[in-house]
Amino acid sequence: MDSRSEAEFAEFMHGRWPALVRLGYGLTGDERLGEDLARAALAKAYASWPRVLRAGDPDVYLRRIILNASLGKVRRRRVRERRPGDEPEPETAQLARVDDDRPALVAALMRLPVGQRSVVLLRYWMDMTEAQVAAVLGCSVGSVRSQASRALASLRVGEDVAEEVLL
Amino acid sequence: MSIMDERDLRQQLDRVLDAIMPPDAPVKAAARKGKLIQAGRSLGVVAGLAVVAGIGVGIPGLLNQPAREVSHARPMVMVEQSCGTVADGVREIASSPAPVAGRTEPLSAAQAAGGRPATELAAGGCAWLKP
């Protein structure tokens, strides 16, 4: 990468870094994991910077990397935590902790399946349209709509019922 | 915790996530890791090309390998029924078969002719290889 592209990338990174870390935190419920995801996404963007720029929207690329990486982390954690003979855990409980000291909303988000969590964050925190969310997640607008609706329903039910589901 | 509606959810998300104050952007670390990823990709491409080149060179060589020459010379065998007398119809296994010993001829005839024991036959006979 030439010095002009390097400077361009550095400027881009400084501008996006806080939002990417927050997205990572919203997806994982862990600030450090969120930073890891954001750092990995930026490294991948650096490695393919000319291609990312040619594609037209670096933000979509970065968000997609973070979402895919968070899915990977959930899967790896699931494999690591599962012992031979254990019943498979429900996906909704992967990032939920019993001794939860996180904000109630983050704890509630962690109880959602990762797909619904992604939709909530992109649609209601990043203010993306359903079509934009569908483009980032690589699914249909209808799927985004149904996931958002289910996520809202789960979050409306409240903590008590969610805890019962976990137990 | 419960969410009343979409507006409420937006406000709560803003409040919770905006409270996160990330450290400075690790530009140098990300660039370093990005360069490693680039190097890994280049290495992968080179390795892939090497494998393709290896296949390109190796496969035709293997396909064009000349067939191993098969020896057409057959050993000459004499069979003797009871390891004592050479059986009737005992022949030399060659291009022009011919009896090599008579029924009453003792086995020693084959030995006397310079033959050597080869193998026991399934039927109980003996095979002798003629020199």
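Refer to the preceding data block for the structure.
The text that follows walks through the structure, step by step, so that each part is easy to find. (Residues numbered from 1 in each chain as written. Chains lettered and ligands numbered in written order. Predicted model: local features only at pLDDT ≥ 70, side-chain atom pairs only at ≥ 80, totals over all residues. Heavy atoms only, no water.)

## A short note on the overall build of chain B
When its secondary structure is counted, chain B shows 3 helices and 3 strands. When the helices and strands of chain B are read in sequence order from the N terminus, they spell out α-α-β-α-β-β. The buried share among the 131 residues of chain B stands at 24%. Only carbon and sulfur atoms are counted for the fraction: they give 60% of the accessible area of chain B, which is about 9200 Å². (Helix = DSSP H or I, 4+ residues; strand = E, 2+ residues; numbered from the N terminus. Buried < 20%, exposed > 50% of the residue type's maximum accessible area, 1.4 Å probe, protein only. Areas by Shrake-Rupley, 256 points an atom, 1.4 Å probe, with all protein chains shown as cover.)

## Considering the interface of chain A and chain B
Between chain A and chain B, the residue contacts involve 37 residues of the former and 30 residues of the latter. Of the roughly 3100 Å² buried between chain A and chain B, counting both surfaces, carbon and sulfur atoms make up 70%. Per-residue buried area on chain A facing chain B is highest for A:Arg22, A:Leu105 and A:Tyr124; these three make up 21% of the total on that side. Remark: the boundary between chain A and chain B carries 2 salt bridges. Here A:Glu6 ties to B:Lys35 by a salt bridge, and the two come within 4.0 Å at their closest N and O atoms. At the surface where chain A touches chain B, the tally comes to 7 residue pairs in polar contact (both at pLDDT 80 or more). (Contact = heavy atoms within 4.5 Å. Buried area = accessible area lost by both parts, 1.4 Å probe. Salt bridge = Lys/Arg side-chain N within 4 Å of Asp/Glu carboxyl O. Polar contact = N/O pair within 3.5 Å; in protein donor to acceptor, adjacent residues only side chain to side chain.)

## Points about a positive patch on the surface
A cluster of like positive charges, contributed by A:Lys44, A:Arg51, A:Arg54, B:Lys33 and B:Arg41, occupies part of the molecular surface. Within the element layout of this structure, A:Lys44 appears in helix α2 (residues 31-47). (Patch = residues over 30% accessible without salt bridge, like charges linked within 9 Å, V, L, I, M, F, W, Y side chains within 5 Å. Lys, Arg positive; Asp, Glu negative; His and termini not counted. Charge placed at Lys NZ, Arg CZ, Asp CG, Glu CD.)

## Brief notes about the nonpolar core
Among the nonpolar cores identified, the biggest contains 55 residues, and A:Leu23, A:Leu42, A:Ile66, A:Val120, A:Leu122, B:Leu9 and B:Leu13 are the most heavily contacted of them. In terms of residues, this core owes the most to one element, helix α1 (residues 3-28) of chain A, which gives 10 residues. Taken domain by domain, the makeup of this core includes at least three residues from each of domain 1 (1-81) and domain 2 (99-167) of chain A. (Core = buried A, V, L, I, M, F, W, Y, C linked by side-chain atoms within 4.5 Å. Domains from an automatic or database assignment.)

## Topic: the packing of aromatic side chains
Residues and elements named next belong to chain A. What the rule picks out here adds up to 3 aromatic pairs over all chains. On the numbers, 5.1 Å between centres and 80° between planes, the contact of Phe9 with Tyr46 is edge-to-face. In this pair, Phe9 sits in helix α1 while Tyr46 sits in helix α2, placing the two residues 37 residues apart along the sequence. What makes Phe9 buried here is its relative accessible area of 1%. Taken together, the ring pairs in this structure connect Phe9, Phe12, Tyr46 and Trp49 into an aromatic cluster. (Phe/Tyr/Trp six-rings, centres within 6.5 Å; stacked < 30°, edge-to-face > 60°.)

## Quick look at the pattern of salt bridges
All names here are of chain A. All told, the structure shown has 6 salt bridges over all chains when counted by the stated rule. Between Asp36 and Arg39 there is a salt bridge whose closest N-O contact spans 3.3 Å. Placement of the pair is Asp36 and Arg39 together in helix α2, with a separation of 3 residues, close to one helical turn. Taking relative accessible area as the criterion, Asp36 reaches 31% and is therefore assigned partly exposed. On the basis of relative accessibility, which here comes to 27%, the residue Arg39 falls in the partly exposed class. Salt bridges here are not isolated pairs; linked through shared partners, they connect Glu35, Asp36 and Arg39.

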